[in-house]
Amino acid sequence: QVHLVESGGGLVQPGGSLRLSCAASGDIFSYDVMGWYRQFPGKQRELVAVFDSGGHKHYADSVRGRFIISRDSAWKVYLQMNNLTSEDTAVYYCHSEGRWGAKAWRFDVWGQGAQVTVSQ
């Protein structure tokens, strides 16, 4: 099974920056979606920024122009968060869907979540 491990969460001042990382492990064949979601207290998880199967980037309107999603040649994805405000305070989750293993089984996995708190 594919496994995702996140790092980089923490406390940051308003206007500051933070970078999240997500490393994927497992015999990955391909991916359909890879990127980031977030969950505010008392609300449902929502999309922040993802790569689709064609490698195109998709951003939520609330973060476009401030956040940047990127990836390297391996199965690792990053989220650079700039000009952070208190409205960005949430638990951020790495997420990926795709195919893995000898039979190209489908996977749909989530990271453990990283708390990002923006406060004075």
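Rules of the game
- Residues numbered from 1 in each chain as written.
- Predicted model: local features only at pLDDT ≥ 70, side-chain atom pairs only at ≥ 80, totals over all residues.
- Heavy atoms only, no water.
- Helix = DSSP H or I, 4+ residues; strand = E, 2+ residues; numbered from the N terminus.
- Contact = heavy atoms within 4.5 Å.
- Salt bridge = Lys/Arg side-chain N within 4 Å of Asp/Glu carboxyl O.
- Buried < 20%, exposed > 50% of the residue type's maximum accessible area, 1.4 Å probe, protein only.
- Pairing = 2+ DSSP bridges.
- Phe/Tyr/Trp six-rings, centres within 6.5 Å; stacked < 30°, edge-to-face > 60°.
- Lys NZ or Arg CZ within 6 Å of the ring centre and 35° of its normal.

K.L.:
Describe the environment of Phe51, with residues and values.
P.N.:
Structurally, Phe51 is set in strand S5 (residues 46-52). If we skip the residues at most four places from it in the chain, Phe51 touches Tyr31, Asp32, Val33, Met34, His56, Lys57, Ile69, Ser70, Arg71 and Val77.

K.L.:
Pulling in residues and values, what's your account of the pattern of salt bridges?
P.N.:
As enumerated under the stated definition, the model contains five salt bridges in all. Salt-bridge contacts for Arg106 lead to Asp32; the nearest nitrogen and oxygen are separated by 3.0 Å. Here the residue Arg106 occupies a position in strand S10 (residues 105-110), and Asp32 occupies one in strand S4 (residues 28-39), the gap between them amounting to 74 residues. A salt bridge links Asp88 to Arg66; the shortest N-O distance between them is 2.8 Å. Placement of the pair is Asp88 in the loop between strand S8 (76-81) and strand S9 (90-100) and Arg66 in the loop between strand S6 (57-59) and strand S7 (67-71), with a sequence separation of 22 residues. In this structure, Asp88 and Arg66 share a single accessibility class: buried. Taken together, the shared-partner salt bridges in this structure form one network comprising Arg38, Glu46, Arg66 and Asp88.

K.L.:
Quick rundown of the pairing of S9? Include the residues and the values.
P.N.:
Of all eleven residues in S9, eight are buried; the element is thus mostly enclosed. Pairing of S4 with S9 involves ten bridges; the strand directions are antiparallel. For Ile28, the partnering residue across the bridge sits in S9 and is Trp100. Linking S9 to S10, which pair antiparallel, is a turn of four residues; within it Gly101 sits at a positive phi near 80°.

K.L.:
Could you give an account of the packing of aromatic side chains, naming the residues involved and the relevant values?
P.N.:
How two aromatic rings sit relative to each other is given by the distance of their centres and the angle of their planes. The tally for this structure, following the rule as stated, stands at four aromatic pairs. Between the aromatic rings of Tyr93 and Trp110, the centroid separation amounts to 6.4 Å while the plane-to-plane angle is 85°, which identifies the pairing as edge-to-face. On the criterion of sequence distance, the pair formed by Tyr93 in strand S9 and Trp110 in strand S10 is long-range, its members being 17 residues apart. A relative accessible area of 14% places Tyr93 in the buried class. Joined through ring pairs, the aromatic side chains of Tyr37, Tyr93 and Trp110 make up one cluster. The ring of Tyr93 carries Arg45 above its face, with NZ or CZ at 3.7 Å from the centroid. Sitting above the plane of the Trp110 ring, Arg45 keeps its charged end 4.6 Å from the centroid.

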